[in-house]
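Next come the chains, spelled out residue by residue.
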Amino acid sequence: MTTAQVFYIINLLIYAGVDIMACLGLSQQFGVAGVTNFGFIIFQAAGAYTAAVLSLPPSSANGGFQSYIGGWNLPFPVPWIGGAIAGGLIALPFTFLVGRRLRGDFAAVGLLVTAVMVNLLVTNYRPSLNGSAGLSLVPAPLQGEFNPQSQGYQWAYSAVSLVLAAGAYLLVRRVTESPYGRSMRAMRDNDAVADSLGKNLVSLRASVLVLGGMLAGLSGAVLVGFINLWAPSAWGYAETIVLFAAVIIGGAGNHRGAVLGAILVPVAFEEATRFIPQFGAPGLIDDLQWVAIGLLIVVFLWLRPQGILPERRRRIEAAAASAATASAATVSATVIPTDTVILGDTSIHKIPVGRTTTTTTTADAAPGVLVPGEAVLRAAGLTKDFGGVHAVADATLEVRRGTLTGLIGPNGAGKPVTGL
Amino acid sequence: MNLFLASLGFGIVTAAVLAIAAVGFTMQFAVTDVLNLAYGAVMIAAAFIAYAVNQAGASVWLGMLAAAAAGAAGSVALNTGIYTPFQRRGSAPITLVIVSLGMTLIIEFGVQAIVGGTNVSYTMSQGPTVRAGGLELTAVQFVIIGLSIAVMAGVHGLLRYTKLGKAMRATAANRSLARNCGIRTARIVTVTWALSGALCGIAGTVLAINDGSFGATSADLFLVLILAAVFLGGPGQAYGAMAGAVIIGLATEISAAYITPSYKDVVAFVILLVMLAIRPAGLLGARA
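Residues numbered from 1 in each chain as written. Chains lettered and ligands numbered in written order. Predicted model: local features only at pLDDT ≥ 70, side-chain atom pairs only at ≥ 80, totals over all residues. Heavy atoms only, no water.

> Describe the overall build of chain B, and please don't skip the residues or the numbers.
The number of helices and strands found in chain B is eleven helices and two strands. Traced from its N-terminal end to its C-terminal end, chain B shows the element sequence α-α-α-α-β-β-α-α-α-α-α-α-α. Each of the 288 residues in chain B was classed as buried or not, and the buried ones make up 55%. Partitioning the contacts of chain B with sequence separation of at least 6, the portion at a separation of at least 24 is 74%. (Helix = DSSP H or I, 4+ residues; strand = E, 2+ residues; numbered from the N terminus. Buried < 20%, exposed > 50% of the residue type's maximum accessible area, 1.4 Å probe, protein only. Contact = heavy atoms within 4.5 Å.)

> Pulling in residues and values, what's your account of the overall build of chain A?
Looking only at helices and strands, chain A features 14 helices and six strands. In chain A, buried positions account for 50% of the 420 residues.

> Can you explain the packing of aromatic side chains? Please cite residues and give values.
Under the definition given, this model contains 20 aromatic pairs over all chains. Aromatic pair Y122 of chain B and F214 of chain B: ring centres 5.3 Å apart, planes at 45°, arrangement tilted. You can see Y122 of chain B sitting in the loop between α4 (93–115) and β1 (129–132) and its partner F214 of chain B sitting in the loop between α8 (185–211) and α9 (219–233), a full 92 residues away along the chain. Given the relative accessible area of 1%, F214 of chain B is considered buried. Ring pairing ties together the aromatic residues F76, W80, Y153, Y157 and F226 of chain A, which thus form one cluster. (Phe/Tyr/Trp six-rings, centres within 6.5 Å; stacked < 30°, edge-to-face > 60°.)

> Which residues make up a positive patch on the surface, and what values do they have?
Residues and elements named next belong to chain B. Taken together, R160, K163, K166 and R169 make up a surface patch of like positive charges. Counting residues per element, the positive patch draws most heavily on helix α6 (residues 163–173), which supplies three residues. Residue class for K163 comes out exposed when judged on its relative accessible area of 75%. (Patch = residues over 30% accessible without salt bridge, like charges linked within 9 Å, V, L, I, M, F, W, Y side chains within 5 Å. Areas by Shrake-Rupley, 256 points an atom, 1.4 Å probe, with all protein chains shown as cover. Salt bridge = Lys/Arg side-chain N within 4 Å of Asp/Glu carboxyl O. Lys, Arg positive; Asp, Glu negative; His and termini not counted. Charge placed at Lys NZ, Arg CZ, Asp CG, Glu CD.)

> Which residues make up the packing of helix α1 (residues 3–32) of chain A against helix α11 (residues 255–271) of chain A, and what are the values?
Residues and elements named next belong to chain A. Contact geometry for α1 and α11: axes closest at 8 Å, N-to-C directions at 135°. Comparing their axes, α11 and α1 come out oblique. Considering only the axes of α1 and α11, their crossing is right-handed. From α1, L12, Y15, A16, D19, I20, C23, L24, S27, Q28 and V32 reach across to α11, where they touch H255, A258, V259, A262, I263, P266, V267 and E271. Classifying every residue of the contact of α1 with α11 by side-chain character gives 13 nonpolar, three polar and two charged. (Axes fitted to C-alpha atoms, helices over the stretch in contact; angles between N-to-C directions. Parallel < 35°, antiparallel > 145°, perpendicular 65-115°, else oblique. Left-handed = near helix turned anticlockwise from the far one by under 90°. Nonpolar A, V, L, I, M, F, W, Y, C, P; charged D, E, K, R; others polar.)

> With reference to specific residues and values, describe the interface of chain A and chain B.
Listed by partner, the interface residues are 40 residues for chain A and 42 residues for chain B. For the pairing of chain A and chain B, the buried interface totals around 3,600 Å² over both sides, and the portion due to carbon and sulfur atoms is 81%. Contact with chain B buries area across many residues of chain A, yet F106, M117 and W302 of chain A alone supply 17% of it, more than any other trio. R103 of chain A is paired through a salt bridge with D33 of chain B; the nearest N and O atoms lie 3.3 Å apart. In this assembly, chain A and chain B are joined by three residue pairs in polar contact (both at pLDDT 80 or more). Secondary structure elements with two or more residues in the side of chain A that touches chain B: α4 (104–124), α10 (237–250) and α12 (284–303) of chain A. When residues in the side of chain A that touches chain B are grouped by element, the largest group, 14 residues, is from α4 of chain A. Its residues placed into classes, the side of chain A that touches chain B shows 30 nonpolar, six polar and four charged. (Buried area = accessible area lost by both parts, 1.4 Å probe. Polar contact = N/O pair within 3.5 Å; in protein donor to acceptor, adjacent residues only side chain to side chain.)

> Tell me about the packing of α10 of chain A against α11 of chain A, residues and numbers included.
Helix packing for two helices is described by the angle between their axes and how far apart those axes are. Residue and element names in this part refer to chain A. Across the interface, α10 lies against α11 with an axial gap of 7 Å and an inter-helix angle of 130°. When the interaxial angle is binned, α10 and α11 end up oblique. For the pair α10 and α11, the sense of crossing is right-handed. Residues E239, V242, L243, A245, A246, I249 and G250 of α10 form the contact with α11, whose participating residues are G257, G261, A262, V265, P266 and E270. Of the residues in the contact of α10 with α11, the class split is eight nonpolar, three polar and two charged.

> How would you explain helix α6 (residues 151–177) of chain A if you had to name every residue and give the values?
Here α6 of chain A contains 27 residues, and its C-alpha end-to-end distance of 39 Å stays within 8% of the 39 Å for a straight helix at 1.5 Å per residue. Along α6 of chain A, the residues that are buried comprise Y153, Q154, Y157, S158, S161, A165, A168, Y169, V172, V175 and T176 of chain A. (Expected span 1.5 Å × (residues − 1).)

> Pulling in residues and values, what's your account of the pattern of salt bridges?
Scanning the model with the defined rule gives seven salt bridges over all chains in all. Salt-bridge contacts for D191 of chain A lead to R205 of chain A; the nearest nitrogen and oxygen are separated by 3.5 Å. Here the residue D191 of chain A occupies a position in helix α8 (residues 191–196), and R205 of chain A occupies one in helix α9 (residues 201–227), the gap between them amounting to 14 residues. We classify D191 of chain A as partly exposed; its relative accessible area is 32%. One salt-bridge network, in which partners are shared between bridges, spans R103 and D105 of chain A together with D33 of chain B.

> Account for the environment of W80 of chain A, with residues named and values stated.
Residues and elements named next belong to chain A. Tracing the backbone shows W80 in helix α3 (residues 77–91). For the pair W80 and A48, spaced 32 residues apart in the sequence, the C-alpha separation amounts to 8.6 Å. Beyond its immediate sequence surroundings of up to four residues, W80 is in contact with P141, Y157, V160, L164, L218, A221 and V222.

> Break down a nonpolar patch on the surface for me, with residues and values.
There is a patch of nonpolar side chains on the surface, built from I81, I85, L89 and L92 of chain A and spanning about 380 Å² of accessible area. Among the secondary structure elements, L89 of chain A is positioned in helix α3.

> Break down unusual backbone geometry for me, citing the residues and quoting the values.
Residues and elements named next belong to chain A. In this model, N130 sits at a positive phi of 65°, which is unusual for a non-glycine residue. Phi at L137 takes a positive value of approximately 55°, unusual for a residue other than glycine. With respect to the secondary-structure elements, L137 resides in the loop between α5 (126–129) and α6.

> Describe the side chain of T205 of chain B, with residues and values.
Residue and element names in this part refer to chain B. Note that T205 resides in helix α8. Residue classification places T205 among the buried residues on the basis of a relative accessible area of 0%. Polar contacts involving the side chain of T205 include one to the main-chain carbonyl oxygen of G201, which spans 2.9 Å. In this view, T205 contacts A47, A50, M64, A67 and Y122; residues no more than four positions away in its chain are not counted.

> Please provide a residue-by-residue account of helix α2 (residues 39–55) of chain B, values included.
Residues and elements named next belong to chain B. Its 17 residues place the ends of α2 24 Å apart at the C-alpha level, agreeing with the 24 Å of an ideal helix rising 1.5 Å per residue. Among the 17 residues in α2, twelve count as buried, and that is most of the element. Residues of α2 that are buried include every one of Y39, G40, A41, V42, M43, I44, A46, A47, F48, A50, Y51 and N54, and no others. For α2, the secondary structure elements touched by its buried residues are α1 (2–32), α3 (60–88), α4, α8 and α9.

> Lay out the confidence of the model for chain A in plain terms, naming residues and giving numbers.
All names here are of chain A. With 75% of its residues at a pLDDT of 70 or more, chain A shows a mean pLDDT of 80. Taken element by element, chain A is modelled with least confidence in strand β2 (residues 341–343), mean pLDDT 38, and with most confidence in α6, mean pLDDT 94. Across residues 320–368, confidence stays below pLDDT 50; counting only partners more than four residues off in sequence or on other chains, it has 99 contacts. (pLDDT = per-residue confidence, 0-100.)

> Could you give me a rundown of the environment of D220 of chain B, with the residues and numbers involved?
Here D220 of chain B is to be found in helix α9. Along the sequence, D220 of chain B and T104 of chain B sit 116 residues apart, while their C-alpha atoms lie 9.7 Å from each other. Setting aside chain neighbours within four positions, we find D220 of chain B in contact with Y237 of chain A together with E108 of chain B.

Structure (structure tokens):
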């Protein structure tokens, strides 16, 4: 392998780490919590700018050719930590857009417009972050101790970036599988039901914005430490759409899908093709790439909206009804097998049904007319949906002659609906 | 005072361009509930159709007619070919917004791949400068204002006094109820997208005329103005969009005179965010 090829591979590995981190953050927001954050790229930009101004010397250095706030010249881990914190902090004000009262698509448009505007402001206002020219000569981490141009350093950098991406994967998987992650999925699938069950939608959305923002911020910090420059042209609103394409193609709600999407779209499609020979007019390949990204989104949403690696369907067996049976003082108690509760993309959020019927033999059954034990009413597969709410799903019911049959269950179990 | 009058003049012209675009956008949302973010991309694509006609030697106003036809055809194709199938399948509004962003990339960069990345201008004369009561505008700008007023009057007449307009309003208010009343809603939706697409094409051409030069990505920021005007008046409200366009047009241009011109779109953006946060149904806000 020539040196150029080695650096090309290193370059791809580092971009893979960065894009995986960013896509995992977006997957957590969009795939798991259902927050369509079209302004996601702002968080990455905030992390990159923060890491840059934390590691750069004061702006009077280098002849003062660029102007920026900060310039604290801080040692290595601080800029990356600062980038992650900045990504999380800048996500907080967005909460007021994704609060519960606004339609999801209106909020998404608000976030998109915010991304366009923040980019415009940074481009036009030079003193804070050097305007459209952007920041350059951003120091690489530990460049005093090591030579950033050496192959060993770059291999180590790509390893660190991939390790951070793996850490990000473990983090988001942990969060998604936790009860908190379950609340987020409930909010994504039906926010009205999640709200009525006492989930605080505003704080759930705020926290997922911050979590995704921190991952994006960290990815920006890692990226700027490697490419050493950061300008508004690197984070146009359309870059968010690339990440969305990655998450949608990989599989929204499945973090493995986000990793796969990150490798397929931003890395394989955008970075790896950077060095293919130019043809046609200048900029033609870029234009065609954007067209292809748009096509990928539309075609995938039509043909395979669940992505290459769909979200795993989670089946939760209903708790056994034995506890409820014991509490009923009856001669004979028949536990009707209750249904399984399925939480997934098609069956929306279902209220856990703990329904049992208790049968009690009565003493005054007229002999000859009524044969005790004969079933007079049988029903199976009872199902009733109200919009996205499954009030009753596949309940089985049997009423015997000469018995009093009761239907008990907690509030919201769907008792009267079963009677309908 | 002169500064104020000059910026007022620019504001009226911007409002005129914006009103045509915003009414088209809001009509699409009204009948199909789609926030068609590809609207700006269609505008520019239509403006390039007008440019092709203009380059062939015809007047730019003839080109504008071609752009209107192209915008109508393109919008109908976009709705029946892309958005309606997604909606029929029961896709959420947010999925349609993502689809419309994908279509934005396809149209915008498809146009750029064809025409290249450099800006172009129409071959036309700006006409003599006209002074009226301190306002100083070119004849072309007066034509744009007159055209906008004519379009607004036409939309008003259509919605108020024709059977078609009544059917459009009924479809916008409640599509299934309208269908039960015997209105062919599918046809009404197609007609609405054709009309709004024609407005989109006209808006793209007059935007390009007013800006002087334009490229494939010129409508990115103008879309922010459209969205601000639409949300100010309440999405789906044609009259609201007209009022919103006047307010946004004047606010951006007058603030440009007193702050820095490069930040004039930020005013529209702030108005849009405040509206989204406080009154997403718009100032007139009947429909939530």
